[in-house]
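Survey of secondary and tertiary structure
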Amino acid sequence: MVKLEELSLKNNFLTILDGIDGLTSLRRLNVSKNEITEFEGQILTNLTRLSYLAIDHNRLHSLAKLGRCSTLIELYAGNNLIKNIRDIFHLKVKMNKSI
């Protein structure tokens, strides 16, 4: 599974995202429409090729852990509980407008 480039876990009632840090070839990750409240630990640190991330329709309060995703191009984070996007200003992402 290390060669996996795209993973969709959309609409699965997930509350945590765990066990994907070994998927170093992952380019697209969709975890929208779940119940995720935060990204625990260093889960996104090893995803050095991740260019697309859909985390919309969850219960996230912060995008701070996304600051390490320097390869992100597309980010969908609307319909969460996010109040501040300051932590990702340095990223060059195309965001949807409903954060």
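Read on for a plain summary of the structure. (Residues numbered from 1 in each chain as written. Predicted model: local features only at pLDDT ≥ 70, side-chain atom pairs only at ≥ 80, totals over all residues. Heavy atoms only, no water.)

1. Digging into the overall build of the protein chain
When you go through the protein chain residue by residue, the secondary structure sums to zero helices and five strands. Mapped in sequence order, the helices and strands of the protein chain form the string β-β-β-β-β. Taking all 99 residues of the protein chain together, 36% fall into the buried category. For the protein chain, contacts bridging at least 24 residues in sequence account for 24% of all contacts bridging at least 6. Summing over all exposed atoms, the protein chain offers an accessible surface of approximately 6,000 Å²; the carbon and sulfur share of this is 49%. (Helix = DSSP H or I, 4+ residues; strand = E, 2+ residues; numbered from the N terminus. Buried < 20%, exposed > 50% of the residue type's maximum accessible area, 1.4 Å probe, protein only. Contact = heavy atoms within 4.5 Å. Areas by Shrake-Rupley, 256 points an atom, 1.4 Å probe, with all protein chains shown as cover.)

2. Here's the deal with the packing of aromatic side chains
This model, assessed by the stated rule, comprises one aromatic pair. Between Tyr52 and Tyr76, the aromatic rings sit 5.6 Å apart at their centres with planes inclined by 50°, giving tilted as the arrangement. Residue Tyr52 is located in strand β3 (residues 52-54), and its partner Tyr76 is located in strand β4 (residues 74-76); the two are separated by 24 residues in the primary sequence. A relative accessible area of 14% places Tyr52 in the buried class. Assessed through its relative accessible area of 27%, Tyr76 is described here as partly exposed. (Phe/Tyr/Trp six-rings, centres within 6.5 Å; stacked < 30°, edge-to-face > 60°.)

3. Concerning the pattern of salt bridges
Taken as a whole and judged by the stated rule, the model has three salt bridges. Salt-bridge contacts for Arg27 lead to Glu5; the nearest nitrogen and oxygen are separated by 3.9 Å. Of this pair, Arg27 sits in the loop between β1 (6-8) and β2 (28-30) while Glu5 is found in the segment before β1, placing the two residues 22 residues apart along the sequence. Owing to a relative accessible area of 38%, Arg27 belongs among the partly exposed residues under this scheme. Given a relative accessible area of 44%, Glu5 falls into the partly exposed group. (Salt bridge = Lys/Arg side-chain N within 4 Å of Asp/Glu carboxyl O.)

4. Concerning the environment of Leu66
With respect to the helices and strands, the residue Leu66 is situated in the loop between β3 and β4. Taking relative accessible area as the criterion, Leu66 reaches 0% and is therefore assigned buried. Placed 22 residues apart in sequence, Leu66 and Leu44 show a C-alpha to C-alpha distance of 7.3 Å.

5. A word on the nonpolar core
Counting residues in each nonpolar core, the largest one holds 24 residues, and the members touching the most others are Ile20, Leu29, Phe39, Leu53, Ile55 and Leu66. Dropping the residues within four chain positions of it, Leu53 is found in contact with Leu29, Leu66, Leu72, Glu74, Leu75 and Tyr76. (Core = buried A, V, L, I, M, F, W, Y, C linked by side-chain atoms within 4.5 Å.)

6. A short note on unusual backbone geometry
Notably, Lys33 is not glycine yet its phi reads approximately 60°, a positive angle. Here Lys33 shows up in the loop between β2 and β3. For His57, which is not glycine, the phi torsion reads 60° and is therefore positive.

7. As for the side chain of Ser32
Within the secondary structure, Ser32 sits in the loop between β2 and β3. Looking at Ser32, its side chain comes within polar contact range of the side chain of Asn30, at 2.7 Å. Leave out the neighbours within four places in its chain, and Ser32 touches Lys10, Asn11, Ala54, Ile55, Asp56, His57 and Asn58. (Polar contact = N/O pair within 3.5 Å; in protein donor to acceptor, adjacent residues only side chain to side chain.)

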